[in-house]
Amino acid sequence: MKSIIMFKNIIKHSIRALNRQKSYVLINIIGLSIGIACSLLIALFVINEVSYDQFQENKDRIYRVNLHGKISGQEAHVSSSCSPLGPTMLREFPEIEDFTRYNSFGSTVIKYKNQKFTKDQVVHVDSSFFKIFSIKLIKGDKITVLNAPYKLVLSESTADKYFGIEDPIGKMLKVGTDTSLYEVTGVMEDIPDNSNFEADIFGSFLSSQRANDDNWLSNSFETYVILKPGTSPNSVNEKFHPMLVKYVGPLIQEFFKISFDEFLSSGNQYAFELQSLLDIHLDTSIDHEVKPASDPKFLYIFGSIALLIIVIAAINFMNLSTAQAAKRAKEVGIKKVSGSTKGMLIGQFLTESTILSIFSLIIGIVIIEVCLPFFNTILNSNLSLNYFDTWYTMPGLIVLALTIGILAGSYPAFFLSSFKPVSVLKGSIKNSMKNGRLRSVLVILQFSISIILIVGTLIIFKQINFMMNKNLGFDKEHVIVIERARVLDKKIQSFKDELLKIKGVKIVSGSTAAPAHNNNGNGYTIEGRDQESFLLETNWVDYDYFETYGIKLTSGRLFDQSYPTDEDACIINESTVKSYSIQDPFTTRFNVSNDNPEAEKQYMPIIGVVKDFHFRSLHNKIQPYMFRFKEADMHTRYISIRTLPEAPANTITQIEKVWNEFTANEPIQYFYMDEDLKELYKEEQQNASLSIVFTILAIVIASLGLYGLTSFTVEQRTKEIGIRKALGASVKTIFYIISKEIIILVSVSTIIAWPVVYYVAKNWLKNYQYMIKLNILDFLIGLIIALTIAVLTITYKTLKAARLNPAHSLRYE
């Protein structure tokens, strides 16, 4: 009973004490509220990123099979695998419970009666897909829903869009250019955002022409397996090599006349490896992902920012609390004389800090609810703080508030409770508080963190700006790219001719790839080097491609209609010459019959070498690239249209009109090349925007603390200021005296911050193939911004004190 009464008294005294320090309380609550809100927002973002596919019931047993290849020094780490891999693993590896292949065939037109819909995410999977993955079927049986060709499962939102209130089961749809109709046999719940899969329509893999493909060297699908309970993935990885020797070895022997082991011992690599489903989303080292992976380095950055913001807010609390010590010394002395123990005083001060922390948490949650829509817009996500969905959310928030309150309040509590009544009555405590050595250290720490954030954000923005504006080796401006051009079939040339009649259209080209929209790499041999294999990204193009994109020739010539033999020739980039040690490109011929070792060798001469250009994002190093001539009977995936800078606004409307005439009103899909390339750096742009927001908020918190400390300093030195003014000191002189200390502290902070941010930035930039060079100007800008903010923060209070009538100042205290 006594403990309860004592606890009530502590709370009562704490609330009264807080009520007497309104400005101090307000500054602390604002700082802590912003700090908690920022930290929780970042925590939501990080938790969402690391929780991909956590909803899968068998998540710990599901693995994707990745391919690690290296040929002639060119490495590839991809999520692709061959069609026979999954069935072979199920048949020969007792550890495998089941498998599914996953083949996305891109943007597709879906037709139902007279309606046409365009879907970006249409996927072929094996019938086992819904047994392996926990994607709930609303209608249909997971065993039979995809067990035969030409069956479809739609997402709930897609089914509602196509059929409204009608029952979708049994409805027949035309999918793409397939002549057979597909039957809707199931409806699934929409796949959550935090999944590695992005699909609205799943079709039976048996519908694919390559369902029974037994080519072990054609890697264009993803393969997922589920292991039997208790199975180690390492035991499966150990069996890949013997399997490859058995099935890939004979092909290597036919192509290169060497064994598989000799192929590997010569520096090449060809290996499969399991990757846990839960590791996929944060692994950027693997190419050809179904869904782009998130870069974990940004999670570390934001996790660090969250911690630093909380540290700044806690420092504010400690600083302002110790600054208040001179005012509260008499209170502590009287309470000790009245019988209060040190433990009771510590309890009161910790209760004060905890009450402030709880109030700050409540305000922080309000800030989160207000800011989440803005936050989601920046991230293009759907984050939410669900307080009662899990048992640990509310207790976690309470523990967070208590932890911050106790940690932030611990030093002030022990410091204030240590005052001796005799020292207080003599006034020695009050005089000693004017030194403020600890507060100086804390201010230095705060501004060191702020400068690290400022300079770090500047460097992030400079790197992104560099990536967005670097010369890519081709002209990305004024280019419109039409996708799904294969629907034009053999009318490509007529379509091009018609487009050229549109005012504003300069030149038109057809190809199988476009920058950032690439084909798979192709393997070749070189005449005279038959035991080596060379991997090149290959693009089949027409005569107008190079002019359309402004790709520059360094030697030789481009495809020319006056040379009929050019249809059997190729053009390569500079990286091919360097990487594959080609001494004289124009006496070098590639063998193009690698897919059939028994066929007569068909040699393809090199007629030109073009300047290196970035056909992937700047995250990737420029690799060997080959252009081959696209013959008339070959499908065209992309039509690239270069328009004049002064092209009329209705040019795209005219292009759509011509498209409709040639395709019987098929939906047109197109993008502007410059805008499309910006999407490659979307994650960086989003994260840079967040960095700015959180850096500004961190500076605001630090400035609040500095403002509070300046108020305390001015108050402590009021009589000193009055004496100086009475002796003739000007406002400028007094401003200099008071601000000098802050300027020195910020300068010391800079000395501490610069080496830290240099080390972190240097290591961060190593993640990029093409990067900026660190510049001393970036660091100086950080110092200037920090000094400016610090001086502006203290200006009002300092000038107010400097302009005070000396008569009033001398009567103070």
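Residues numbered from 1 in each chain as written. Predicted model: local features only at pLDDT ≥ 70, side-chain atom pairs only at ≥ 80, totals over all residues. Heavy atoms only, no water.

## Looking at the side chain of asparagine 196
Inference 1: Along the chain, asparagine 196 turns up in the loop between strand E11 (181-188) and strand E12 (201-204).
Inference 2: Overall, the relative accessible area of 4% leaves asparagine 196 in the buried class.
Inference 3: At a separation of 2.7 Å, a polar atom in the side chain of asparagine 196 contacts the side chain of aspartate 53.
Inference 4: Once residues lying within four places of it in the same chain are set aside, the contact partners of asparagine 196 are Tyr52, Asp53, Leu277, Ile280, His281, Val290 and Lys291. (Helix = DSSP H or I, 4+ residues; strand = E, 2+ residues; numbered from the N terminus. Buried < 20%, exposed > 50% of the residue type's maximum accessible area, 1.4 Å probe, protein only. Polar contact = N/O pair within 3.5 Å; in protein donor to acceptor, adjacent residues only side chain to side chain. Contact = heavy atoms within 4.5 Å.)

## Quick look at the packing of helix H3 (residues 85-92) against helix H6 (residues 233-247)
Inference 1: Running from amino to carboxyl end, H3 crosses H6 at an angle of 115°, the nearest separation of the two axes being 12 Å. Between H3 and H6, the interaxial angle falls into the category roughly perpendicular. As H3 runs across H6, the sense of the crossing is right-handed. Taking contact as the criterion, the partners of Leu85, Thr88, Met89, Arg91 and Glu92 in H3 are, on H6, Val236, Phe240, Met243, Lys246 and Tyr247. (Axes fitted to C-alpha atoms, helices over the stretch in contact; angles between N-to-C directions. Parallel < 35°, antiparallel > 145°, perpendicular 65-115°, else oblique. Left-handed = near helix turned anticlockwise from the far one by under 90°.)

## Let's talk about the packing of aromatic side chains
Inference 1: Considering all chains together, one arrives at 48 aromatic pairs under this definition.
Inference 2: With a centroid separation of 6.4 Å and 75° between ring planes, the pair formed by phenylalanine 302 and phenylalanine 694 is classed as edge-to-face. Pair noted here: phenylalanine 302 is in helix H9 (residues 296-323) and phenylalanine 694 is in helix H21 (residues 682-716), with a separation of 392 residues, a long-range link. Each member of the pair phenylalanine 302 and phenylalanine 694 is classed as buried.
Inference 3: Connected via pairs of aromatic rings, a cluster forms that spans Phe474, Tyr543, Tyr545, Phe546, Tyr549, Phe559, Phe613, Phe615, Tyr625, Phe627 and Phe629.
Inference 4: Of note, lysine 239 hangs over the ring of phenylalanine 93, and the distance from its end group to the ring centre comes to 6.0 Å.
Inference 5: Taking the ring centre of tyrosine 768 as reference, the NZ or CZ of lysine 297 above it sits at 4.7 Å. (Phe/Tyr/Trp six-rings, centres within 6.5 Å; stacked < 30°, edge-to-face > 60°. Lys NZ or Arg CZ within 6 Å of the ring centre and 35° of its normal.)

## Quick notes on the pairing of strand E5 (residues 108-112)
Inference 1: For E5, the tally of buried residues reaches 4 of 5 residues, placing the bulk of the element in the interior.
Inference 2: As paired strands, E5 and strand E6 (residues 115-119) are joined by 5 bridges and run antiparallel to one another. Residue pairing for E6: threonine 108 is matched across the bridge by lysine 119.
Inference 3: In sequence, E5 turns back onto E6 through a hairpin of 2 residues, with lysine 113 there showing a positive phi of about 55°. (Pairing = 2+ DSSP bridges.)

## Quick notes on the nonpolar core
Inference 1: Among the nonpolar cores identified, the biggest contains 104 residues, and Phe375, Tyr549, Ile551, Phe627, Met673 and Phe694 are the most heavily contacted of them.
Inference 2: Looking at this core, the element that brings in the most residues is helix H2 (residues 22-50), giving 13 residues.
Inference 3: Setting aside anything within four residues of it in sequence, one finds phenylalanine 627 in contact with Asn539, Val541, Tyr545, Phe546, Ile551, Phe559, Ala569, Cys570, Ile571, Val610 and Phe613.
Inference 4: Core analysis: the next-biggest nonpolar cluster, separate from the first, contains 28 residues, Val78, Trp216, Val225 and Phe260 among them. (Core = buried A, V, L, I, M, F, W, Y, C linked by side-chain atoms within 4.5 Å.)

## Side note on the side chain of asparagine 687
Inference 1: Along the chain, the position of asparagine 687 falls in helix H21.
Inference 2: Once you skip the residues sitting within four places of it in the chain, asparagine 687 turns out to touch Phe45, Phe298 and Phe302.

## What to know about helix H5 (residues 156-163)
Inference 1: When we look at burial in H5, the residues that qualify are Thr158, Ala159, Tyr162 and Phe163. For H5, the angular spread of buried residues about the axis comes to 100°, placing them on one side.
Inference 2: Looking at the buried positions of H5, the neighbouring elements they touch are E5, E6, strand E9 (151-155), strand E10 (172-175), E11 and E12.
Inference 3: Directly after H5, the chain includes glycine 164, whose backbone phi takes a positive value near 60°. (Arc of directions from axis to C-beta.)

## A short note on the environment of glutamate 222
Inference 1: If you trace the backbone, glutamate 222 turns up in strand E13 (residues 219-227).
Inference 2: Between the C-alpha atom of glutamate 222 and that of valine 290, which follows or precedes it by 68 residues, the distance is 8.5 Å.
Inference 3: Within the local environment of glutamate 222, its side chain forms a polar contact with the side chain of serine 79, the two groups lying 2.7 Å apart.
Inference 4: Of note is the side chain of glutamate 222, whose polar atom sits 2.6 Å from the side chain of tyrosine 224.

## Some words on a negative patch on the surface
Inference 1: Together, Glu156, Asp160, Glu189 and Asp190 make up a negatively charged patch on the protein surface.
Inference 2: With respect to the helices and strands, aspartate 160 occurs in helix H5. (Patch = residues over 30% accessible without salt bridge, like charges linked within 9 Å, V, L, I, M, F, W, Y side chains within 5 Å. Areas by Shrake-Rupley, 256 points an atom, 1.4 Å probe, with all protein chains shown as cover. Salt bridge = Lys/Arg side-chain N within 4 Å of Asp/Glu carboxyl O. Lys, Arg positive; Asp, Glu negative; His and termini not counted. Charge placed at Lys NZ, Arg CZ, Asp CG, Glu CD.)

## Side note on a nonpolar patch on the surface
Inference 1: Together, Ile358, Ile362, Val366, Val370, Ile398, Leu402 and Ile406 make up an exposed nonpolar region whose accessible area comes to about 600 Å².
Inference 2: Of all the secondary-structure elements, those providing two or more residues to the nonpolar patch are helix H11 (342-379) and helix H12 (393-417).
Inference 3: At 4 residues, H11 tops the list of elements feeding residues into the nonpolar patch.
Inference 4: Looking at the secondary structure, you find leucine 402 in helix H12.

## Focus: unusual backbone geometry
As a rule of thumb, non-glycine residues mostly have phi less than zero, and peptide bonds are mostly trans rather than cis.
Inference 1: Despite not being glycine, alanine 516 has its phi angle at roughly 75°, a positive value.
Inference 2: Tracing the sequence through the fold places alanine 516 in the loop between strand E16 (505-511) and strand E17 (521-526).
Inference 3: Even without being glycine, asparagine 665 reaches a positive phi, approximately 65°.
Inference 4: Mapped onto the elements, asparagine 665 comes out in the loop between helix H19 (651-663) and strand E25 (670-672).
Inference 5: When its relative accessible area of 53% is taken as the criterion, asparagine 665 is described as exposed.

## Side note on the pattern of salt bridges
Inference 1: As enumerated under the stated definition, the model contains 23 salt bridges in all.
Inference 2: When the shortest N-O distance is used, the salt bridge between lysine 246 and glutamate 92 registers 3.3 Å. Separated by 154 residues along the polypeptide, lysine 246 in helix H6 and glutamate 92 in helix H3 bring together distant segments of the chain.
Inference 3: Under the relative-accessibility criterion, glutamate 92 is labelled partly exposed at 29%.
Inference 4: Three or more residues are tied together by salt bridges with common partners; here these are Arg91, Glu92 and Lys246.

## What about the environment of glycine 504?
Inference 1: Structurally, glycine 504 can be placed in the loop between helix H16 (492-499) and E16.
Inference 2: Overall, the relative accessible area of 8% leaves glycine 504 in the buried class.
Inference 3: Glycine 504 sits 146 residues away from asparagine 650 along the chain, and the two C-alpha atoms are 9.4 Å apart.
Inference 4: Among residues more than four places away in sequence, those in contact with glycine 504 are Arg642, Thr643, Leu644, Ala647 and Pro648.

## Examining the pairing of strand E7 (residues 122-125)
Inference 1: By the alternation rule, side chains of E7 split into Val122 and His124 and Val123 and Val125, which are all buried.
Inference 2: The pairing of strand E4 (residues 96-104) with E7 spans 3 bridges and is classified as antiparallel. When the bridges of E7 are listed, tyrosine 102 appears paired with valine 125.

## Re the packing of helix H15 (residues 437-469) against helix H24 (residues 776-802)
Inference 1: Running from N to C, H15 and H24 point in directions that differ by 135°, and their axes come no closer than 9 Å. The orientation of H15 relative to H24 falls into the category oblique. As for the relative orientation of H15 and H24, their crossing is right-handed in sense. For the pair H15 and H24, contact is made by Phe447, Ile451, Ile454, Val455, Leu458 and Lys462 and by Asp778, Phe779, Ile781, Gly782, Ile785, Ala786 and Ala790, respectively.
Inference 2: When grouped by side-chain class, the residues that make up the contact of H15 with H24 number 10 nonpolar, 1 polar and 2 charged. (Nonpolar A, V, L, I, M, F, W, Y, C, P; charged D, E, K, R; others polar.)

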